Structure formats: structure tokens, C-alpha cells
Amino acid sequence: MAEGCGADYTCEECCVSFKCHYALERHKKTRSHCMFVLALKQPEVSKPSLQPDSALDTDDGITQGTDADAGCPSAFDEEDDIAVADCGQQNSYVYLVYFESDWDFSSKPESLWNDDERFQAPMAALPNGEHIFVRDCITFEHHSLGTTKAVIVKFFEKNTLQGVHAEVELLLNCYQYQYVTENTNCYLPDDCCVIYGAQVIHFTSIIGVANPPLSVIKWTEAGIQRFSNEEKMQYFASNEWKEKAGGKKVIMVPLILFTDDTSGNRSKKWNKFESWYLLLAGLGRHANAKPSNIHFLTTSNKVSPLDQSVPIVEELLLLESEGIEAYDAFSDCQVLVVAPLICVICDNPRAKELCNQLASSTRKYCRICMADKIDSPDFIGVPRTRALSLSQMEEISSQTSISRTYNTRKKYGIKEHYNPMLHTNIRADIYKATPLEALHVFALGASKYFLQLFMPDFTHDQKTEILALIKAFNMSGFTTKMYGNVCYYYNSFVGRDFKAWSQMAIFILSPYLDAGRKEVLLNYSKVFAIAYAKSYNRHLKEQWKSVCQNFIDSVKVHFPNLLRRPKMHLILHLIECLEQYGPTSAFSAERCESFNSDVRAQNIYSNRQAPSRDIGKHFAVLEHVRHIIDGGRYGQER
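Per-chain numbering applies: the sequence of each chain, read as written, is numbered from 1 onward. Local features in this predicted model are restricted to residues of pLDDT 70 or higher, and side-chain atom pairs are both shown and tallied only at a pLDDT of 80 or more, whereas totals for entire chains, interfaces and linings draw on every residue. The basis for every side-chain value is the complete set of heavy atoms in the structure, and neither hydrogens nor water enter the calculation.

Caption draft 1: Expanded view of the overall build of the protein. Under the DSSP-based scheme used, a helix requires at least four consecutive residues in state H or I and a strand at least two consecutive residues in state E, with every element numbered from the N terminus. When helices and strands are counted, the protein shows 22 helices and 22 strands. Note on classification: 1.4 Å probe, protein chains only; a residue is buried when its accessible area is under 20% of the maximum for its type, exposed when over 50%, partly exposed between these limits. A total of 638 residues make up the protein; the buried ones form 56% of that total. Here, residues are in contact when the closest pair of their heavy atoms is within 4.5 Å. Of all intrachain contacts in the protein linking residues separated by at least 6 positions in sequence, the fraction that spans at least 24 positions is 65%. Here the protein displays about 27300 Å² of accessible surface, and carbon together with sulfur accounts for 51% of that area. Surface accessibility follows the Shrake-Rupley procedure with a 1.4 Å probe radius. Residue values consider only the protein chains on display as shielding.

Right, dumping it as C-alpha cells:
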């Protein structure tokens with residue numbers, strides 16, 4: 001956002017436009033303040049070095065990329081880390097939903113990717129170049145029935161080695177149905193097929209697209225049910241992306257937004273800048289941690305985060321509902337890019353602001369559920385949803401007096417002002433799309449609380465022994481080491497210090513703690529290990545929930561006042577977030593927090609008259625330079 005761009009400036013004077021696709025757009029917010037947003041007109045699909053890692057696509061039914069560091073199979077590397085929660089014991093988190101070979105398709109696993117089609121690949125390409133879309137009627141070679149018709153339900157990756165599979169609903173003719181049911185007395189017309197349940201087939205067994213049968217029947221408990229023409233048309237309805245693509249390949253590029261505040265100064269004088277960044281959700285942990293894969297959108301020291309989000313949401317609506325045509329350097333053709341929003345990464349105060357919630361001191365202090373401070377500390381309330389909040393906001397607005405409005409706000413814990421994340425048709429429910437973030441909930445939350453509780457009670461001699469034990473502790477397996485004097489300067493620790501301390505605390509402090517505190521710390525160590533795990537096995541969901549509940553129960557006995565803190569309550573929602581989004585490393589804020597220093601540096605080395613424009617212009621130029629260096633190119637028509 002820009003300070004100093006008055007109303008007499010025209011768009012041509014204020015907006016820095018480029019010949020390529022990284023354009024800085026000017027959005028006027030007030031009479032004297034404008035904001036500049038780096039447009040999301042083209043995702044990173046025109047770079048041959050990055051596109052296979054950033055887009056969800058199945059080509060020839062074969063897995064296109066693997067993450068060597070994590071050992072993750074994926075349709076493209078983009079799928080590695082963000083998050084199918086249903087990946088068993090693999091480190092693979094793919095949007096092509098991963099199914100265990102022994103899972104029953106009559107009870108599909110409950111996960112974000114299974115429940116919502118917009119996060120799944122809508123098509124796959126046969127070796128002959130033919131595009132197969134979800135809901136297409138196909139023919140394939142069945143191992144016992146021969147050439148068989150079916151309807152595609154979804155594409156997914158069955159396991160590490162076998163590549164892409166498809167879940168289909170079989171359409172059996174009379175002979176095939178008699179063979180399957182062993183009922184030779186059942187006869188069907190020659191032009192009729194019966195829908196016979198779901199089955200998994202290998203993608204390579206698909207022959208091609210077929211014409212739907214003239215009539216369809218379905219066996220139910222009530223008997224034979226023949227589809228009417230309307231029901232048949234609805235059942236064989238064409239996939240929406242097939243119609244919109246017009247013969248082009250459809251590529252899914254799921255997105256993650258990050259928002260945070262940072263200081264524009266290096267000194268202690270706080271100069272607050274609100275920033276928004278973009279990440280390609282499917283990139284692996286190691287790739288997404290690189291600054292080059294974090295994309296600057298906008299920053300301002302004058303405009304609020306919600307006002308900043310207005311043009312961002314407008315473009316997201318276009319990207320997820322209509323898609324955009326783009327040149328794909330990997331396949332050297334025009335493709336249709338669909339980019340749905342997966343989640344918004346932010347700290348807890350910003351998440352409450354995006355959810356229109358009151359401050360953490362209010363009675364309804366949880367942004368995920370309707371937990372109340374008068375309830376038991378381990379109580380999980382009714383889940384918050386967009387529909388529920390909109391109805392509550394309507395009730396607040398209908399109040400006839402200031403006092404009634406104030407009381408109704410306190411009753412529900414929300415405010416009624418306009419929020420583009422809530423009042424637009426963006427598909428992501430902001431209450432589910434702001435998962436708890438490990439850095440702020442654990443490292444800067446519970447770990448910090450316990451360190452502040454325990455350390456003041458130790459004597460000088462005990463602290464000396466603790467420092468000696470820390471010095472002798474083997475940290476070779478740690479990703480980061482702890483620096484500084486934990487006994488005296490823990491209030492100056494940052495996230496990486498608390499993270500390292502939490503891994504060794506139970507071993508260092510055990511001799512100095514009573515039974516109650518030792519129990520709390522031991523249970524917390526188990527929860528901490530779950531929070532920073534690199535993979536998630538959904539079959540252990542109940543076991544992991546019990547671990548979190550045991551920790552909360554022990555805190556309730558020994559430190560009941562801690563449970564009134566929102567960060568402690570959020571631990572009860574940890575497994576829910578893991579089930580929806582996978583390991584917390586998939587939506588970690590640490591990689592984006594470090595990017596704040598790059599934004600700060602651009603403000604420092606400018607005249608600070610129009611920081612939003614100057615910073616945005618700099619990052620737009622960087623995007624162009626990076627595009628060229630990475631081997632990016634455009635189609636011949638350009």
C-alpha cells in the first residue's frame with residue numbers, strides 16, 4: 001500500500017506495469033492512501049524448472065515427481081507436504097487422494113481432499129493424449145469381466161510404486177452382472193447397464209471415453225430402480241472443468257496465503273507494516289522454505305489487513321471458479337489453471353481478526369469452536385462455520401440499541417463488520433482455513449509458559465547444574481540448536497530456541513521436578529512430538545487424541561489457570577487440523593516469518609514516501625528476473 005499517492009495521480013502514473021505477467025496494480029482505499037498489489041494473473045506454470053512441482057496434474061497416468069529429501073511420491077512435487085491427512089505412514093501428502101490398499105470404499109476416509117472435489121485432480125491424460133475427466137463414461141479392461149464400462153469418480157495415487165489409479169462406478173451389462181452376482185435368472189435389456197458399486201482400477205487399464213448406455217438401472221433395497229432421462233442426464237453430467245477447458249489440459253495449482261505484521265525499521269521503534277504473501281501449496285517442505293518460492297503480494301503501513309485482502313479475494317474468486325489460461329512450459333501448450341485457496345497461515349491474533357472475532361479476553365475465546373470461559377477448560381464447543389457466523393452477525397446488526405449490540409457481540413464473540421473472507425463466495429471456510437500454527441501455539445505458547453513457570457523456582461546451584469547438563473546434551477539430531485542462557489534469559493528466546501528446549505526439557509529437568517510437574521512435562525513432550533511430526537497416520541487418530549486429552553487433564557489438575565489461555569485450548573483442536581491438512585510443517589509460519597526481513601530491507605533502502613508502491617515495484621522486478629533465470633518462457637504467440 002502506498003503513502004503519498006494522492007488523488008491527482010492517474011493509474012498509469014501510480015501503477016508499474018510490465019510486459020510479462022507480474023504486474024503491480026493500484027487499488028485506492030482512501031482519498032490519500034492507495035495500496036499496491038502484485039497481481040496473481042499467472043501462477044508459476046511457465047517455468048519448466050518449477051511447474052511439475054507446483055501444479056496438480058496427471059499425465060499419462062504416471063507419477064511425475066518425487067521429493068528426494070522426504071521420499072514422497074506425488075502427481076507433482078507440489079503434492080508433497082501440504083496435506084492429504086490420509087497418507088498412512090508415508091511422507092506423501094498428495095492431492096491425488098492416497099488410499100490404503102485394504103480400505104473399504106463404502107466408507108471413505110474423512111479428509112478435506114476426499115470431501116471436496118475442488119482440491120482433487122479433475123482430469124488425467126492417456127498415453128494417446130486423450131483427456132479423461134471425472135464423471136466421464138469410459139471403457140476399461142477388467143481382469144475377469146473383459147471390456148467393461150464405468151464412470152470415473154476420482155483419480156488418486158494408490159501407493160508409492162503403482163502410480164495413478166481411479167475409483168470408478170461399474171456399469172455392467174446383463175452377462176457381466178450375472179457373472180458377478182452368480183444369478184443366471186436375472187436378465188437385462190441389451191441397451192441397459194446396471195450400476196454396480198465402486199471399484200479401484202489402474203489408470204493404464206483405461207481404453208478411452210465411451211458413450212453412456214441408453215438406459216441405466218440401479219439395484220436398491222426396494223428393488224430395481226430405472227433412471228429417468230433427467231436422472232440419467234444428471235448422472236452422466238459433464239465435468240464443469242471439461243466444458244470450461246475447451247479441450248485444454250486442466251492443471252490444479254492450490255494456493256496458501258500468509259499474512260503477518262512486521263516493523264519497517266531495524267531499530268526498536270515500531271513501524272508496523274501489514275503484509276500478504278503467497279505460497280504454492282504443493283511444493284515440498286524444502287522447496288517452499290526457500291525465499292524464492294515465497295511470493296510477495298502487498299504490504300502497507302496505512303491499510304488494515306482486511307482492506308488489503310479485498311483485491312486478493314477478488315482474484316482468488318476468479319482463479320478458483322473460472323480458472324485462467326496460461327502457457328505451460330513443461331508441456332509447451334496452453335492450459336487452464338485452477339488455483340483454489342487451501343488455507344491462510346497467520347498467528348493467533350491475525351486469525352481472530354480474519355474470523356471477525358473479538359479479542360482473546362472475550363468469553364467466546366476460541367476461533368475454531370464456541371467454547372465459553374464459563375465451561376470446563378477441556379470443553380470443545382460447537383464448531384464455528386461461515387454460515388453460523390453470518391447468521392450471528394445478522395442478529396448483531398438487527399439490534400436496536402448500542403447496549404444490546406454490545407451484549408450480542410459478547411454472546412457470540414464476533415464483530416459484524418464487512419469481511420471479504422466471510423461475505424464473498426470464496427469456497428474456503430475461513431474458520432477451517434486458519435489451522436493452528438505450531439510456532440505460535442507450541443514454541444511461543446505452551447513451551448514458553450512452562451519455562452516461565454519452572455525456572456524461577458530453581459535455586460542458583462540447580463540452575464548451574466541445568467546449564468551443565470544442557471552443555472553436555474547431544475543435539476546432533478536437532479534441526480536447530482539452542483543458544484543463550486535458558487536459566488536467566490529465557491524471556492529473550494525466539495521460536496527456534498523454545499523448539500530446541502522443548503525437545504530436551506524432559507531429560508534435563510526431570511531430577512528437579514516434583515511428580516505433578518514431571519507428569520505435565522512428560523505429557524507435553526508427547527503432544528509436542530505429534531505437533532512436529534513429519535507424517536500423520538490417520539489410523540492412530542483416536543490414540544493421538546487421547547494423548548492431547550491426557551495432557552490437558554494433567555494441566556487441569558496442576559496448572560488450571562493455564563487452560564484459560566486460548567493457545568492451550570487450541571491444543572484440543574490439534575488432531576482435527578492434522579486430519580484436515582496433514583503435518584504442521586505443511587502450514588508452518590516459520591518459512592514466511594523469515595521473509596519479513598526482505599520486505600523490511602526494501603523499506604529501509606527507499607525514500608519511504610510511497611513504501612507500498614516502492615516495495616511492490618522491487619518485488620515485481622525480482623519476479624521477472626527470477627522468471628528468466630529459472631528458464632521461464634512464453635508461447636510462440638508472445
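Caption draft 2: Quick look at the packing of helix 21 (residues 596-604) against helix 22 (residues 611-629). Packing of helix 21 against helix 22 leaves a shortest axis separation of 9 Å and a crossing angle of 120 degrees. In the crossing of helix 21 with helix 22, the sense of the turn from one axis to the other is right-handed. Contact residues: Asp 598, Val 599, Gln 602 and Asn 603 in helix 21; Pro 611, Ile 615, His 618 and Phe 619 in helix 22. Three residue categories are used. Nonpolar comprises Ala, Val, Leu, Ile, Met, Phe, Trp, Tyr, Cys and Pro, charged comprises Asp, Glu, Lys and Arg, and polar comprises the others, including Gly. Residue classes in the contact of helix 21 with helix 22 are distributed as four nonpolar, three polar and one charged. For every element, the axis is a line fit to its C-alpha atoms; helices are fit only across the contacting stretch, and the angle between N-to-C directions ranges from 0 to 180 degrees. By convention, the crossing between two helices is left-handed when the near helix turns anticlockwise from the far helix through less than a right angle, and right-handed when the turn is clockwise.

Caption draft 3: Representation of the packing of aromatic side chains within the structure. Working definition: rings of Phe, Tyr and Trp (its six-membered ring) pair if their centres are within 6.5 Å, and the pair is stacked with planes under 30 degrees apart, edge-to-face with planes over 60 apart, and tilted otherwise. Per the stated rule, a full pass over the model turns up 20 aromatic pairs. With a centroid separation of 6.1 Å and an interplanar angle of 85 degrees, the aromatic rings of Phe 450 and Phe 551 are classed as edge-to-face. Of this pair, Phe 450 sits in helix 13 (residues 438-454) while Phe 551 sits in helix 17 (residues 541-558), placing them 101 residues apart in sequence. You can call Phe 551 buried: its relative accessible area is 0%. Arranged with centres 6.1 Å apart and planes meeting at 65 degrees, the rings of Phe 458 and Tyr 512 form a pair that is edge-to-face. Of the two residues, Phe 458 is situated in the loop between helix 13 and helix 14 (460-472) and Tyr 512 in the loop between helix 15 (495-509) and helix 16 (515-531); the sequence distance between them amounts to 54 residues. For Phe 458, a relative accessible area of 8% gives the class buried. For Tyr 512, a relative accessible area of 17% gives the class buried.

Caption draft 4: Looking closely at helix 17. Given the number of residues in a helix, its expected span is that number minus one, multiplied by 1.5 Å. Under the 1.5 Å per step criterion, the end-to-end length of helix 17 is 26 Å for 18 residues, consistent within 8% with the ideal 26 Å. For helix 17, the set of buried residues is Lys 541, Trp 544, Val 547, Cys 548, Phe 551, Ile 552, Ser 554 and Val 555. Looking straight down helix 17, one finds its buried side chains confined to an arc of 165 degrees; they lie on one side. Residues of helix 17 that are exposed and angled more than 90 degrees away from the buried face: Glu 542 and Val 557. Tucked inside the fold, the buried residues of helix 17 contact helix 13, helix 16, helix 18 (566-570) and helix 19 (574-581). An arc is given here, and it is the one of the directions from the helix axis to the C-beta atoms.

Caption draft 5: Main features of the pattern of salt bridges. Salt bridge, as used here, is a side-chain nitrogen of Lys or Arg placed within 4 Å of a carboxyl oxygen of Asp or Glu. Tallied over the full model, the rule gives 14 salt bridges. One salt bridge in this structure joins Lys 248 and Glu 325, with 3.3 Å as the shortest N-O distance. Highlighted residues: Lys 248 in the loop between helix 6 (240-245) and strand 16 (249-252) and Glu 325 in strand 20 (residues 324-328), separated in sequence by 77 residues. A salt bridge links Asp 457 to Arg 517; the shortest N-O distance between them is 2.9 Å. With Asp 457 in the loop between helix 13 and helix 14 and Arg 517 in helix 16, this pair connects stretches of sequence that are 60 residues apart. Members of the salt-bridge network, linked through shared partners, are Asp 261, Lys 272, Glu 274, Arg 350 and Glu 353.

Caption draft 6: Representation of the nonpolar core. Phe 442, Phe 450 and Trp 501 are the most contacted members of the largest nonpolar core, which totals 63 residues. Sorting the residues of this core by element identifies helix 13, helix 14, helix 15, helix 16, helix 17, helix 18 and helix 19 as the ones contributing at least two each. Among the elements that make up this core, the one with the highest residue count is helix 13 (10 residues). If we ignore the near neighbours within four places in the chain, the residues touching Phe 442 are Leu 436, Ser 447, Lys 448, Tyr 524, Val 527, Phe 528, Ala 531, Tyr 532, Ile 571 and Leu 574. Membership of the second largest hydrophobic core comes to 58 residues, among which are Ile 256, Leu 280, Ile 312 and Ile 345. Buried residues of nine kinds, namely Ala, Val, Leu, Ile, Met, Phe, Trp, Tyr and Cys, make up a nonpolar core once their side-chain atoms join them within 4.5 Å.

Caption draft 7: Main features of the sheet that holds strand 21 (residues 333-338). Within the open sheet, the three strands sit side by side as 16-21-20. Their pairing is mixed. Edge positions in the sheet fall to strand 16 and strand 20, since each of these pairs with one other strand and no more. Averaged over all pairs of adjacent strands, the angle between their axes in this sheet comes to 45 degrees, without regard to strand direction. Here strand 20 runs beside strand 21; their pairing, made up of five bridges, is antiparallel. By the bridge assignment, Ile 324 is partnered in strand 21 with Val 337. Here, strands pair whenever DSSP counts at least two bridges between them.

Caption draft 8: Layout of the packing of helix 15 against helix 16. Contact pair helix 15 / helix 16: the axes reach a minimum separation of 10 Å and the direction vectors enclose 140 degrees. When the axes of helix 15 and helix 16 are compared, the crossing they make is left-handed. Note on element contacts: helix 16 touches helix 15 through Lys 518, Leu 521, Leu 522, Tyr 524, Ser 525 and Phe 528, opposite Lys 499, Ser 502, Gln 503, Ala 505, Ile 506 and Leu 509. Per-class residue counts for the contact of helix 15 with helix 16 are seven nonpolar, three polar and two charged.

Caption draft 9: Molecular detail of the pairing of strand 9 (residues 137-142). Burial analysis of strand 9 places five of its six residues in the buried class, which makes it a mostly covered element. Strand direction decides the pairing type here: strand 9 and strand 13 (residues 206-209), joined by three bridges, are antiparallel. Residue pairing across strands places Thr 139 opposite Gly 208, the latter belonging to strand 13.

Caption draft 10: How the structure looks around a nonpolar patch on the surface. To count toward a patch, a residue needs a relative accessible area over 30% and no salt bridge; like charges are then connected within 9 Å, while nonpolar side chains (Val, Leu, Ile, Met, Phe, Trp, Tyr) are connected within 5 Å. Taken together, the side chains of Val 621, Val 625 and Ile 629 present a nonpolar region at the surface, about 270 Å² in accessible area. Among the secondary structure elements, Val 625 is positioned in helix 22.

Caption draft 11: How the structure looks around unusual backbone geometry. In this structure, Arg 135 is a non-glycine residue whose phi angle is positive, near 80 degrees. Structurally, Arg 135 is set in the loop between strand 8 (131-133) and strand 9. Notably, Asn 356 is not glycine yet its phi reads approximately 60 degrees, a positive angle. Within the secondary structure, Asn 356 sits in the loop between helix 9 (348-354) and helix 10 (386-397).

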